[in-house]
Amino acid sequence: MLRQLFGKKKKSSKGAVDIQAKEVQQSQSQPMAEKQEEVDHDGGEEKIATIADVTDNTPDKENESKNKNEGTEKGDVFAFEYTDHDDLYGQTIPVETPDLLSTKFQELENELDRIPESDKKDYLRALQKCPHLFSTNDNNDNKNDSNNAFKLMFLRCEIFNADLAAKRIVKYWKTRVEIFGEDKAFLPLVLGDGGPFALSNNGDDEDYTSMKIGFLRCTDKRDDAGRPIIFGDPSRMPIDHSSYDVKSMVRTLWYTLHYVLRNDETAQRKGVVIIMFPKHIKFAQFNRKLAKMNAESIKGCIPIRLSAIHICHPPVVFDLIFPVVKVLMGSKLRKKIQLNSGSEEKVLEKFEQKFGMKRNDLPTELGGSLVLDQDQWLDERRRNGQ
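Since the model is a prediction, treat every value here as computed from it, not as a measurement.

I would appreciate a short explanation of the pairing of strand β5 (residues 337-340) in the present structure.
Residues Ile 337 and Leu 339 of β5 are buried on one face, and the alternating residues Gln 338 and Asn 340, pointing to the opposite face, are buried as well. The pairing of strand β4 (residues 306-312) with β5 spans 4 bridges and is classified as parallel. Its bridge partner being in β5, His 310 is matched across the sheet by Gln 338. As a crossover connection, the stretch from β4 through helix α12 (residues 318-334) into β5 is right-handed.

When you look at the packing of helix α9 (residues 246-261) against helix α11 (residues 288-298) in this model, what are you seeing that I'm missing?
The axes of two packed helices give the description: the angle between them and the distance between them. Here α9 crosses α11 at 35°, and the two axes come no closer than 10 Å. The two elements α9 and α11 cross, and the hand of that crossing is right-handed. Facing α9, whose interface residues are Val 246, Lys 247, Met 249, Val 250, Leu 253, Trp 254 and Leu 257, α11 presents Lys 289, Leu 290, Met 293, Asn 294, Ser 297 and Ile 298. Looking at the contact of α9 with α11 residue by residue, the class counts come to 9 nonpolar, 2 polar and 2 charged.

Explanation requested: the pattern of salt bridges in the structure shown.
One side chain can pair with another of opposite charge once the charged atoms of both are near each other. A complete count under the given rule lists 22 salt bridges for this structure. Across the pair Asp 163 and Lys 167 runs a salt bridge whose closest N-O atoms are separated by 3.4 Å. One end of the pair, Asp 163, and the other, Lys 167, are both in helix α7 (residues 162-180), 4 residues apart, so they sit about a helical turn from each other. We classify Lys 167 as partly exposed; its relative accessible area is 48%. A salt bridge links Lys 212 to Asp 375, with the shortest nitrogen-to-oxygen separation between them at 2.7 Å. Taken together, the residues span a long stretch of sequence, with Lys 212 in helix α8 (residues 206-213) and Asp 375 in helix α14 (residues 374-383) at a distance of 163 residues. Among the residues examined, Lys 212 registers a relative accessible area of 30% and is labelled partly exposed. Here the residues in one salt-bridge network are Glu 96, Arg 156 and Arg 269, joined through shared partners.

Definitions and cut-offs
Residues numbered from 1 in each chain as written. Predicted model: local features only at pLDDT ≥ 70, side-chain atom pairs only at ≥ 80, totals over all residues. Heavy atoms only, no water. Buried < 20%, exposed > 50% of the residue type's maximum accessible area, 1.4 Å probe, protein only. Helix = DSSP H or I, 4+ residues; strand = E, 2+ residues; numbered from the N terminus. Pairing = 2+ DSSP bridges. Right-handed = clockwise from strand over helix to strand, strands pointing away. Axes fitted to C-alpha atoms, helices over the stretch in contact; angles between N-to-C directions. Left-handed = near helix turned anticlockwise from the far one by under 90°. Contact = heavy atoms within 4.5 Å. Nonpolar A, V, L, I, M, F, W, Y, C, P; charged D, E, K, R; others polar. Salt bridge = Lys/Arg side-chain N within 4 Å of Asp/Glu carboxyl O.

Function-wise, these values are silent; they only describe arrangement.
In structure tokens form, the structure reads like this:
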């Protein structure tokens, strides 16, 4: 198991273990220094952890071919056209013609009907408790509505694979009930009145505390293709895991991703970009349980398309944390990772020239000009009922 997580052993295994133990002990008390630019991130026998298998962002031609003609075994005659032939991240972005939408919505209903009722209890409850989510007509008819924005998010996320979209919808509601509880799961995911997040100014409420930590923050900025940019800084997490509620922290992830997706066709079709900045993280801040629950909320659940996960300025402790995170993420999410090391200026130039993100739209933590004020951002969302 250790071999799988940490790669090949060094020839002197005792020395390697002693070095790892010393690094962990140091990292629990102080931030680790950032890796130097010349470090070989492509792995090798002397590396504790390799990431070569997750930095290859070449599109999967086999899966891309399947997506183009998905459903042909059921008589689907659609061959997707692309709106972005040269999409930066190699994503499939179909042209959404009326015929495609009508056919795929019908297929989605058929796939949902095939799922046993015992496996979709929470989805069926959502149909009753949240009729506004499943229909855009006056009769709250949640069947065969090709204008339904909620279900359309799931179809877009799965590139109009109706089978996968149906499974994602069912898992979504099951997980939403687990994370928010029976009494709040079916409320709109907004701050303030009417939502499931009980925010209080006295700071005693667990959701308010989790929101203020700001592990993931919306920048309200976009790359050149229009993808929203989300910024993550794991060094903002408390070292004392008992000082916060894990489910509450996962709820903040749900809120952040839903805020980005809400009424945003570009985010739904092209995806979002997450920039992770672990430069100052301490090993003790890493919470495996939280990482696992966050990963499970994304994999086959929340209808979010992750175009890329940019990891910037990874520290030495990254070699100890990443093998665990890699296992939790799964192969599909691992392929989204882009590693960005080197000087601050070099990384900023790379974002501008290669990834279409201007330094004025990047947080000051990265050397950009954007100041992120989490308290102010939360207050504005709450006042606007967003």
